[in-house]
Amino acid sequence: MTDGAGNRPVNGGAAGMAVRAALALAGLALGVSTTVAGPVFLLVASPFLAHRRGRRYALAAAVRLAGLEVARLRLLGGVEVSGYDGRRALRYLLRRWPVGVLGFLVLFLLGAGIVAGVRIAWHWGRGEPFDGMEPTTPIMLYVVVAGLVLFFLEVMGLIGLVALERLIALRTLGPSPTELLERRIAELAESRAGIVAAVDSERRRIERDLHDGVQQRLVALAMLIGRARRGRSPELLDELLGQAHDEARAALGDLRDVAWRVYPTGLDSLGLNDALATVAERAGVPVTVRYGLRERPAGRVETAAYFVVCEAVTNAAKHAAARAVTVEILKEGTVLVVRTRDDGRGGADPRGGGLSGLARRVAALDGRFHVDSPPGGPTTITAELPCE
């Protein structure tokens, strides 16, 4: 799975870090190999740029060459580009080649350091001196400490190279500030329309719950009270009053459920953890909540996280025939991650009323919402909510 900018996914753990490091080294090595191509192309294309017909072919070739560079940058984490033309591609190739030279130097020093370390270990492992250095304890300790320091500096240089490569590509081939502003305006307009639609949908749901639940019970209660007023025998009166009392309690329970679904009061007073515990108790399937937050998030983030879990649990119980639901709440940097997973039949439609409403609610907070529900299950719903 990739993000919206086309970047490769971020895998956790030591294995993921090793994979990212290997891909970054491969990307930098390819960048060194293409460093010569940029200046050579600019040198060859210079005469063609002076003529109208030749300029067209030269700019088209520059776009193709920049496209190869963008593909290489995916190994470094990817970068968002936006419809660059030949002029922007030429500008990128002109700015990028000094970074390629710097990358060659850094990778050369890394390779030289690795070769020197292997040679020293080989000679000292056989009890032989290396360049006049005997394998004594002070000298070995000095070489190890110096090697670790140099290796740390080398790693920092590689990290800086990756950041510099992506920065140059973003500044040259990425979207302009005007395009970013227009995109942001479009997102805000879409989220505003989505919020209006979500509010209307919520109002319809509340009206339906009141009409089908509370209102019907109140009608039954009124009919029982009317019959009790017309009753003659004390036994019938007691029976009708008992039924009326049961209907009143049921109507009160339905009204409490409707109010809870609109907004739970415990969310403000007790916090997200206790509110989710209540959701787990009221669900029709076993729900396991893994709450990994040390402090309470902002109110709007807490509310969005709560409703994401509520809708996911409701869908799992009513539509997916799930036997168990797992809810995970954790914080990754400045992002609150809400992830629910059920073992139901899958096939959930992200464009459905409930899930699309959640997507609009999350988008209103500049968050991300993803539904992974293949036929046969399992269904995983993930919401990423910025906390700052």
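Below is a summary of the structure that appears in this document. Computed from a prediction, not measured in an experiment: that's the story for all the values here. (Residues numbered from 1 in each chain as written. Predicted model: local features only at pLDDT ≥ 70, side-chain atom pairs only at ≥ 80, totals over all residues. Heavy atoms only, no water.)

**Remarks on the overall build of the protein chain**
The number of helices and strands found in the protein chain is eleven helices and five strands. Taking all 388 residues of the protein chain together, 32% fall into the buried category. Within the protein chain, counting contacts between residues at least 6 apart in sequence, those at least 24 apart form 69% of the total. Looking at the protein chain as shown, the accessible area adds up to about 23,600 Å², and 61% of this sits on carbon and sulfur atoms. (Helix = DSSP H or I, 4+ residues; strand = E, 2+ residues; numbered from the N terminus. Buried < 20%, exposed > 50% of the residue type's maximum accessible area, 1.4 Å probe, protein only. Contact = heavy atoms within 4.5 Å. Areas by Shrake-Rupley, 256 points an atom, 1.4 Å probe, with all protein chains shown as cover.)

**Thoughts on the nonpolar core**
Core analysis: the biggest nonpolar cluster contains 34 residues, and Y306, I329, L336, V338 and L385 have the highest contact counts within it. When residues of this core are traced back to their parent elements, those giving at least two are α9 (272–282), α10 (299–318), β2 (325–332), β3 (335–342), α11 (353–363) and β5 (379–386). Top contributing element to this core by residue count: α10, with eleven residues. For I329, the contacting residues outside a window of four places in its chain are L272, L276, R290, Y291, G292, L293, V309, L336, V337 and V338. V79, L90, V106 and L173 belong to the second largest nonpolar core, which has 27 residues in total. (Core = buried A, V, L, I, M, F, W, Y, C linked by side-chain atoms within 4.5 Å.)

**Some words on the pattern of salt bridges**
Tallied over the full model, the rule gives eight salt bridges. A salt bridge links E69 to R72, with the shortest nitrogen-to-oxygen separation between them at 2.7 Å. Of this pair, E69 and R72 are both found in helix α3 (residues 52–73), three residues apart, which corresponds to roughly one turn of the helix. What makes R72 buried here is its relative accessible area of 4%. Several salt bridges converge on common partners, so that one network encompasses E69, R72, R96 and E165. (Salt bridge = Lys/Arg side-chain N within 4 Å of Asp/Glu carboxyl O.)

**Some remarks on the sheet that holds strand β1 (residues 287–291)**
On the basis of which strands lie adjacent, the open sheet formed by five strands has the order β1-β2-β3-β5-β4 and mixed pairing. In the strand order of this sheet, the two ends are held by β1 and β4 (368–372), each with one partner. Taken pair by pair, the neighbouring strands of this sheet meet at an average axis angle of 10°, ignoring direction. Two strands pair when backbone bridges link them, and β2 and β3 are joined in this way by eight bridges, in the antiparallel orientation. Within β3, the residue paired with V325 across the bridge is D342. Strands in contact with α9 are β1 and β2; relative to β1, the strand with the most contacts, it is inclined by about 170°. Against the sheet, α10 contacts β1, β2, β3 and β5, and its axis sits at roughly 10° relative to β3. (Pairing = 2+ DSSP bridges. Axes fitted to C-alpha atoms, helices over the stretch in contact; angles between N-to-C directions.)

**Quick notes on the packing of aromatic side chains**
For the coordinates displayed, the defined rule picks out two aromatic pairs. With a centroid separation of 6.3 Å and 25° between ring planes, the pair formed by F104 and F108 is classed as stacked. Pair noted here: F104 and F108 are both in helix α4 (residues 86–125), with a separation of four residues, about one helical turn. Taken together, a centroid distance of 5.3 Å and an interplanar angle of 80° make the contact between Y306 and F307 edge-to-face. Overall, F307 belongs to the buried group, its relative accessible area being 12%. The lysine or arginine in question, R361, covers the ring of F307, its NZ or CZ lying 4.5 Å from the ring centre. (Phe/Tyr/Trp six-rings, centres within 6.5 Å; stacked < 30°, edge-to-face > 60°. Lys NZ or Arg CZ within 6 Å of the ring centre and 35° of its normal.)

**Some remarks on the pairing of β2**
Along any regular strand the residues' side chains alternate between the sheet's two faces. Sheet analysis places β1 next to β2, joined by five bridges and oriented parallel. Each residue of the ladder has a partner; that of V289, found in β2, is V327. Crossover β1 to β2 through α10 is left-handed. (Right-handed = clockwise from strand over helix to strand, strands pointing away.)

**Examining the packing of α3 against α4**
Where α3 meets α4, the axes come as close as 8 Å, and the angle between the chain directions of the two elements is 60°. Between α3 and α4, the angle falls in the class oblique. The element α3 and its partner α4 pack so that their crossing is left-handed. From α3, R55, L59, A62, V63, L65, A66, E69, R72 and L73 reach across to α4, where they touch G86, R87, A89, L90, Y92, L93 and R96. (Parallel < 35°, antiparallel > 145°, perpendicular 65-115°, else oblique. Left-handed = near helix turned anticlockwise from the far one by under 90°.)

**Observations regarding unusual backbone geometry**
Not every positive phi belongs to a glycine, and D366 is a case in point at roughly 60°. Within the secondary structure layout, D366 lies in the loop between α11 and β4. Residue classification places D366 among the partly exposed residues on the basis of a relative accessible area of 43%.

**What to know about empty space enclosed by the protein**
Inspection of every chain in the model, using the stated rule, returns three cavities of 30 Å³ or more. Taken as a whole, the largest cavity holds about 70 Å³ of empty space. As for the largest cavity, its lining consists of T34, T35, A37, G38, L65, E69, L93, R96 and W97. Elements with a contribution of two residues or more to the lining of the largest cavity: α2 (37–49), α3 and α4. Among the elements that make up the lining of the largest cavity, the one with the highest residue count is α4 (three residues). (1 Å grid on protein atoms, 1.4 Å probe; cavity = no way out; pocket = protein on both sides within 12 Å on 5 of 7 lines; lining within 4 Å. Points joined across faces, edges and corners; volume = space filled by probe spheres on them.)

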